[in-house]
Amino acid sequence: MSYFAAAVVRDGGGWTAAEVNLRGATDVDEVADRLRDVEPDADLSLLFVEADDAYLVILRLDEGEDLRVFGSDSAYAEESRLGALLVGDLKGSVTGFDETEEPRPSAGTGDDDSEQPAVDPEADPVGDADLLADLGIPAQRLLRLCAHEGMLPADVTAEVCQVLGCADEVEELRGV
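Residues numbered from 1 in each chain as written. Predicted model: local features only at pLDDT ≥ 70, side-chain atom pairs only at ≥ 80, totals over all residues. Heavy atoms only, no water.

## Comments concerning a negative patch on the surface
So, step 1. Taken together, the side chains of Asp-52, Asp-53, Glu-78, Glu-79 and Asp-155 make up a negatively charged region of the molecular surface.
So, step 2. Of note, Glu-78 is situated in helix α2 (residues 75-79).
So, step 3. Note on Glu-78: relative accessible area 70%, which makes it exposed. (Patch = residues over 30% accessible without salt bridge, like charges linked within 9 Å, V, L, I, M, F, W, Y side chains within 5 Å. Areas by Shrake-Rupley, 256 points an atom, 1.4 Å probe, with all protein chains shown as cover. Salt bridge = Lys/Arg side-chain N within 4 Å of Asp/Glu carboxyl O. Lys, Arg positive; Asp, Glu negative; His and termini not counted. Charge placed at Lys NZ, Arg CZ, Asp CG, Glu CD. Helix = DSSP H or I, 4+ residues; strand = E, 2+ residues; numbered from the N terminus. Buried < 20%, exposed > 50% of the residue type's maximum accessible area, 1.4 Å probe, protein only.)

## Some points on unusual backbone geometry
So, step 1. For Glu-63, which is not a glycine, the phi torsion comes out positive at approximately 50°.
So, step 2. Within the secondary structure layout, Glu-63 lies in the loop between β4 (55-62) and β5 (65-71).
So, step 3. Look at Asp-66: it is not a glycine, yet its phi comes out positive at around 55°.
So, step 4. Looking at the secondary structure, you find Asp-66 in strand β5.

## Quick look at the state of the cysteines
So, step 1. Applying the stated criterion across every chain, the model contains zero disulfides.
So, step 2. Cys-161 takes part in no disulfide bond, and the closest cysteine sulfur, belonging to Cys-166, lies 3.8 Å away. (Disulfide = S-S within 2.5 Å.)

## Details of the packing of helix α4 (residues 139-147) against helix α5 (residues 153-164)
So, step 1. Axis separation between α4 and α5 bottoms out at 9 Å; the angle between their running directions is 150°. By the angle class used here, α4 and α5 are roughly antiparallel. Taken together, the residues of α5 that come into contact with α4 (itself represented by Arg-141, Leu-142, Leu-145 and Cys-146) are Val-156, Glu-159, Val-160 and Val-163.
So, step 2. Taken together, the residues of the contact of α4 with α5 break down into six nonpolar, no polar and two charged. (Axes fitted to C-alpha atoms, helices over the stretch in contact; angles between N-to-C directions. Parallel < 35°, antiparallel > 145°, perpendicular 65-115°, else oblique. Contact = heavy atoms within 4.5 Å. Nonpolar A, V, L, I, M, F, W, Y, C, P; charged D, E, K, R; others polar.)

## Details of the packing of aromatic side chains
So, step 1. Here the structure, examined in full by the defined rule, presents one aromatic pair.
So, step 2. Plain terms: the ring middles of Tyr-55 and Tyr-76 are 4.9 Å apart, the flat faces sit at 15° to each other, and that makes the pair stacked. Taken together, the positions of Tyr-55 in strand β4 and Tyr-76 in helix α2 put the pair 21 residues apart, joining distant regions of the chain. For the pair shown, Tyr-55 and Tyr-76 are each scored as buried. (Phe/Tyr/Trp six-rings, centres within 6.5 Å; stacked < 30°, edge-to-face > 60°.)

## Description of the pairing of strand β1 (residues 3-11)
So, step 1. Strand direction decides the pairing type here: β1 and strand β3 (residues 44-51), joined by eight bridges, are antiparallel. Note that in β3 the partner of Val-8 across the bridge is Leu-46.
So, step 2. Pairing of β1 with strand β2 (residues 14-19), which is carried by six bridges, proceeds in the antiparallel orientation. Looking across to β2, one finds that Asp-11 is bridged to Gly-14.
So, step 3. Here β1 folds back onto β2, and the loop between the two strands holds two residues. (Pairing = 2+ DSSP bridges.)

## A look at the environment of Arg-23
So, step 1. Relative to the assigned elements, Arg-23 resides in the loop between β2 and α1 (28-38).
So, step 2. For Arg-23, a relative accessible area of 60% gives the class exposed.
So, step 3. Setting aside residues no more than four positions away along its own chain, Arg-23 makes contact with Tyr-3 and Arg-34.

## So, α1
Helical geometry: 3.6 residues make up each α-helical turn, so side chains three or four residues apart lie on a common side.
So, step 1. Those residues of α1 that fall on the buried side of the exposure criterion are Val-28, Val-31, Ala-32 and Leu-35. For α1, the angular spread of the buried residues around the axis is 100°, confining them to a single face.
So, step 2. Looking at the buried side of α1, the elements it contacts are β1, β3, β4, β5 and α3 (81-87).
So, step 3. Between a side-chain oxygen at the N-terminus of α1 and the backbone nitrogen of Asp-29 the separation is 3.1 Å; the capping residue is Asp-27. (Arc of directions from axis to C-beta. Polar contact = N/O pair within 3.5 Å; in protein donor to acceptor, adjacent residues only side chain to side chain.)

## Examining the confidence of the model for the chain
So, step 1. Of the residues in the chain, 83% have a pLDDT of 70 or more, and the chain-wide mean is 86.
So, step 2. Across residues 99-120, confidence stays below pLDDT 50; counting only partners more than four residues off in sequence or on other chains, it has 23 contacts. (pLDDT = per-residue confidence, 0-100.)

So, in structure tokens, the structure goes:
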């Protein structure tokens with residue numbers, strides 16, 4: 001399985017981004033350590049892990065502490081060792097939002113393009129979907145981005161980074 005792991009960290013000077021090598025990591029805490037190493041004094045550190053155009057995992061550290069993790073689909077844990085390492089310990093469905101936040105449209109209203117389900121029925125998102133809420137991306141929006149038909153993990157990362165103000169830094173890592 002191939003993956004791309006981009007860390008974006010914010011300190012007093014703004015956002016910086018760096019690619020993170022996760023090969024050889026033995027557990028999610030070691031991955032968090034590698035994220036901390038990008039900028040040990042960062043106020044906020046995020047790691048976006050995209051795997052095989054199918055899975056997205058986001059890790060968050062505030063001031064190097066309090067690891068929070070969101071995974072777009074629990075199936076990633078079954079598909080690869082890295083997936084098991086990142087989301088294998090996350091049990092159950094997502095946390096951090098109330099499904100009544102935005103009512104789901106009723107079937108048959110005719111505008112299928114705008115009626116995305118809150119969660120892809122084929123996917124099983126896990127972890128803390130609300131980990132970006134204070135940055136302008138509430139759980140419902142993150143889940144909708146992940147469930148949107150045709151959106152690849154890289155597209156979701158780009159959309160999130162656009163809102164955060166660090167899209168150029170991440171795209172530079174991709175060589176775009």
